[in-house]
Amino acid sequence: MAVERTLSIVKPDAVAKNAIGDIMARFEKAGLSIVAAKMVRLDDDKAGGFYAEHKERPFYKHLVAFMTSGPVVVQVLEGENAILLNRELMGATNPKEAAAGTIRADFAESIDANAVHGSDSAESAAREIAYFFSADEICAR
Ligand code: RTP
Ligand code: MG
């Protein structure tokens, strides 16, 4: 296994319920290091560009509206197998289908307000990290 980096977002619903620390603790307890982090308020362009792959999907407008509804915490996680490990920690997109003990099972309200984002491939991770962070904002361990 290789050391990887992945992009994680604590979404507006989880920020609103003061779950930032609990969610970050899950990453650290699983062996992932937070090597960059910031709280930001996304506008339509920034959120829409981030989810551009879903532009033609029926839920796109709603997704962008949700992601701009309040601040988010964007972070880069680093560790062995980080991309898949983060997806496992997150659980299924729909919290009703998320395995017990996953972040979405424990913190998500619905498929729309589902607490966290995580990159789904090495290609996505590279694009998404560069979308939010410059190289000098990422602190190598
Ligand atoms: P994310 O990108 O946010 O980490 O979520 P994901 O990979 O688990 O799911 P994805 O397919 O990339 O979808 C992005 C977000 O769009 C919303 N969604 N709604 N109503 C629907 O059928 C539907 N499908 C997706 C979810 O909020 C999902 O997180
Ligand atoms: Mg996705």
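What you see is a predicted model, and the numbers here were worked out from it, not measured in a lab.

A. Focus on the nonpolar core. In terms of nonpolar packing, the biggest core is built from 21 residues, with L7, I9, M67, V76, F132 and F133 touching the most fellow members. The set of elements that each furnish at least two residues to this core consists of β1 (3-10), β2 (33-40), α3 (44-50), α4 (60-67), β3 (72-80) and α7 (122-132). Contact partners of F133, with chain neighbours within four places excluded, come to L7, A36, A37, K38, V74, Q75, V76 and I138. Among the nonpolar cores identified, the runner-up in size contains 19 residues, and V10, M24, V73 and L77 belong to it.

B. Spatial organisation of the UniProt feature "active site" (unreviewed entry) in the protein. Under the UniProt annotation, the feature "active site" (unreviewed entry) is placed at H117. Mapped onto the secondary structure, H117 falls in strand β4 (residues 116-118). Setting aside residues no more than four positions away along its own chain, H117 makes contact with L7, S8, I9, K11, F50, Y51, N86, M90, R104 and E128.

C. Region of interest: the packing of aromatic side chains. According to the stated counting rule, one finds four aromatic pairs in the structure shown. Judged by centre distance (5.4 Å) and plane angle (55°), the rings of F50 and F132 are tilted. Of this pair, F50 sits in helix α3 while F132 sits in helix α7, placing them 82 residues apart in sequence. Centre to centre, the rings of Y131 and F132 are 5.3 Å apart; their planes meet at 80°, and the pair counts as edge-to-face. Every member of this aromatic cluster is reached through a ring pair, and the members are F50, Y51, Y131 and F132. The lysine or arginine in question, K46, covers the ring of F132, its NZ or CZ lying 5.1 Å from the ring centre.

D. Structural context of the sheet that holds β4. Ordered in space as β2-β3-β1-β4, the four strands form an open sheet in which the pairing is antiparallel. Pairing within the sheet leaves two strands with one partner each, and these edge strands are β2 and β4. When strand polarity is set aside, the average angle formed by the axes of neighbouring strands in this sheet is 20°. Pairing analysis gives three bridges linking β1 to β4, with the strands arranged antiparallel. Across the sheet, S8 pairs through a bridge with G118, a residue of β4. Its contacts with the sheet place helix α2 (residues 20-29) against β1, β2, β3 and β4, and it is angled at close to 10° to β3. Here helix α5 (residues 82-90) sits on the sheet in contact with β1, β3 and β4, set at roughly 35° to β1.

Cut-offs applied
- Residues numbered from 1 in each chain as written.
- Chains lettered and ligands numbered in written order.
- Predicted model: local features only at pLDDT ≥ 70, side-chain atom pairs only at ≥ 80, totals over all residues.
- Heavy atoms only, no water.
- Core = buried A, V, L, I, M, F, W, Y, C linked by side-chain atoms within 4.5 Å.
- Buried < 20%, exposed > 50% of the residue type's maximum accessible area, 1.4 Å probe, protein only.
- Helix = DSSP H or I, 4+ residues; strand = E, 2+ residues; numbered from the N terminus.
- Contact = heavy atoms within 4.5 Å.
- UniProt positions renumbered as here; feature names shortened; annotations may be inferred.
- Phe/Tyr/Trp six-rings, centres within 6.5 Å; stacked < 30°, edge-to-face > 60°.
- Lys NZ or Arg CZ within 6 Å of the ring centre and 35° of its normal.
- Pairing = 2+ DSSP bridges.
- Axes fitted to C-alpha atoms, helices over the stretch in contact; angles between N-to-C directions.

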